[in-house]
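# Observations on chain architecture
Chain by chain, the residues run as shown.
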Amino acid sequence: MSALVQLLTLGADGGLYLPGVTIRDWPYVAIRYVHLYVPGPAGIAFFKRYVRDFLLRYRFNGMILEIGGGVRLKSHPEIAAGWKRTEMELYAYGEQVQKVGESGPLGPGRRFQDTTHRGIGGGGYIEREDLVELVRFAREHGQEVVPEIQSLSHVYHLACAHREIAELPDALFPDAYCPSNPKSYKLLFEVMDELVEIIRPAVVHIGHDEWRAGGLCPKCRKKDTGVLFADDVIRICRHLKSRGVGTWMWGDHFISYHNEKRRSYGRMVWFDYPSTEGAWKRVREACPEIVLLNWTWGFQPKGETTPDVGDAELFRKGFRFLYGNFNGLSFEGWEERSKRYDVLGAEVSSWCGMEEFEIGKMHIAAALASIDLLWSTRREPKEKTIRRVMSMLSEVRERMRGTHEPPVERKRRRQTTIDLGGVANAGLRGETWDLRGLKTGRFLADGLACRLGRRAVVVRRPHLGKKKFPSAVEIAVGRRFQTLVFLQSCTGEGRRPIHAGDDTFFPRESSELVGVYDVVFEDGLVLAAEVRYDENVSAWNAGLKGLLYHARCIVAGKLPDGSPLVIWGNEWRNPRPDEPIRLIRFRGTKGTSEAMPMLLGITGIDKVRLSDYRAKK
Ligand SMILES: [Zn+2]
């Protein structure tokens, strides 16, 4: 069905066309999953849209759905309530990235702790019945659901609501339970049993990555942490087996160079990793059927040159695995590695809340760039994949957004390019940039009418001394538009963005604001379109590395080294399409980097008319 949908094209006459073809098609690997947080009440509609119009359409076939405290259960409603409270407290506690450089709260003695996975349940929770419906909907759309029921590590939802099971009860926010406390398992298994009853999964993912608070409480202190880790896994695996359910888990603690014992005192943070040496052997003997998610695929120990040492170690130890946190853009040697280690497949993660902005920024492009490796045996250079993903994104965005407005491409006749000739103040070559290879004049880029001149508009940012450029430039408009597309670039690199999921409660602030377009209406109201580095603009020479979901990535010429030159179309939807726009004031904003925003063109798009929908007979 998704093949049929992909083949449909819209003709100029408004009709749908399907070519006459014979299709022989089957997947390369069996597991083509994603990793998601369970949505909150406000994310349910987006979750469904994403399942139907993204996962199914692009031939993913399942999800690992991290539950955390995001579902209110009959057996333990206090866990969901406690999770909501924990999220509220973490919000009040403040952004840790700026203070200590870590996204999670620190433990006693500035001890490093796991990430909290902010955003599970939308920062609160959904009801049990909502989960039943989401699972039904996902299955109906060809998606298997593997619940991730985290245990041992990353269990803020259990240990904050039930401090009596915490390994470090004195922690402000405890992140692990004590494996020597029988109460830990009573609680965990009651939660697990209810979730298994609701979801009826074939397997459960039990987490177990990044265990940090281990062997610390009076009961565990004298025990071997490798044995503690292994026995916890075995106990849970056996419990699930007794319910007819298989076990998956993260594989990092079975790879010697990944999470081996380590202690270090950073400037702000004390890192302490308990040893899990030997754990793999106990687990392997007691639960040979366990499947690992190997997310070490991109890590290399010092001095190692081959990318697959982690794969080889797991394979040698006799584990079956799929790749976790997979990203086709950065994965090296897929063809050989997937065969050599008889890999089950891969999952592309998101690690953010289930809503369009975050999923778009953190996940969509990587997922699109990965699926061909998982489905097809036809291989292409990465450059080609990126270019294809770039040209697909505006259409994907329209679908993910879920509005009723037709995409820009369908409104060719309604596009106007605004002349910047009078205000352009910079050459295509400047102190730090060289865009002389930019394609100028008028052209269509994936349906968008572009007009680029031989000069650009650069504005100074208040913290930069460069008086050469004005701090603001005004562009007269004098008419109505539904959408404005600012064709933009940057004179250099902006601040590296912080992770829009785990690192912040303010995902829309995760990228540096380098400039603003103030849209000034005739009636005096001013609205702003933001220019955010690594969200809707990148450096002038980023090229294909500037693959961004929240912009139209337009390949428009060649960089000095001959590689593709990319500029970014910042699409601003006007909520007031019937009110004339007097002018646009383009200005630089205060920040930390030297990057100045650069405007190359503006395309205005009229409000859609009924005749756009109903073609003349
Ligand atoms: Zn303990």
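In this text, all values refer to a predicted model and were calculated from it rather than measured experimentally.

The rules behind the values
Residues numbered from 1 in each chain as written. Predicted model: local features only at pLDDT ≥ 70, side-chain atom pairs only at ≥ 80, totals over all residues. Pairing = 2+ DSSP bridges. Helix = DSSP H or I, 4+ residues; strand = E, 2+ residues; numbered from the N terminus. Buried ≥ 20, exposed ≤ 12 C-beta atoms within 10 Å, placed from the backbone. Right-handed = clockwise from strand over helix to strand, strands pointing away. Domains from an automatic or database assignment. Contact = placed C-beta atoms within 7 Å. Nonpolar A, V, L, I, M, F, W, Y, C, P; charged D, E, K, R; others polar. Axes fitted to C-alpha atoms, helices over the stretch in contact; angles between N-to-C directions. Parallel < 35°, antiparallel > 145°, perpendicular 65-115°, else oblique. Left-handed = near helix turned anticlockwise from the far one by under 90°.

Across five bridges, the pairing between strand S24 (residues 552-558) and strand S25 (residues 564-573) is antiparallel. Opposite Val555, over in S25, you have Val566 as the bridge partner. From the end of S24 to the start of S25, which pair antiparallel, there are five residues, and Gly562 there has a positive phi angle of about 90°.

Moving on: the pairing of strand S8 (residues 203-207). With respect to burial, S8 is a largely interior element, four of its five residues being buried. As defined by bridge partners, strand S7 (residues 144-151) adjoins S8 across two bridges and the pair is classed as parallel. Bridged to Glu148 within S8 is His205. Across three bridges, the pairing between S8 and strand S9 (residues 246-250) is parallel. Residue Val203 lies in a different strand from S9, and its bridge partner there is Gly246. In this fold, the crossover linking S8 to S9 by way of helix H8 (residues 225-242) has right-handed handedness.

What follows concerns the domain arrangement of the chain. Domains assigned within the chain are domain 1 (26-379) and domain 2 (408-613). Between domain 1 and domain 2, the residue contacts involve 18 residues of the former and 14 residues of the latter. The class makeup of the residues in the side of domain 1 that touches domain 2 is eight nonpolar, six polar and four charged.

It is worth spelling out the packing of H8 against helix H9 (residues 279-286) at this point. A packed helix pair is summarised by two numbers, namely the angle formed by the two axes and the spacing between the axes. Between H8 and H9, the least distance of the axes is 8 Å, while the angle of their chain directions is 25°. Of the possible angle classes, the one that applies to H8 and H9 is roughly parallel. Viewed along their axes, H8 and H9 form a crossing whose handedness is right-handed. In contact with Gly226, Val227, Phe229, Ala230, Val233 and Ile234 of H8, H9 contributes Ala279, Arg282, Val283 and Ala286.

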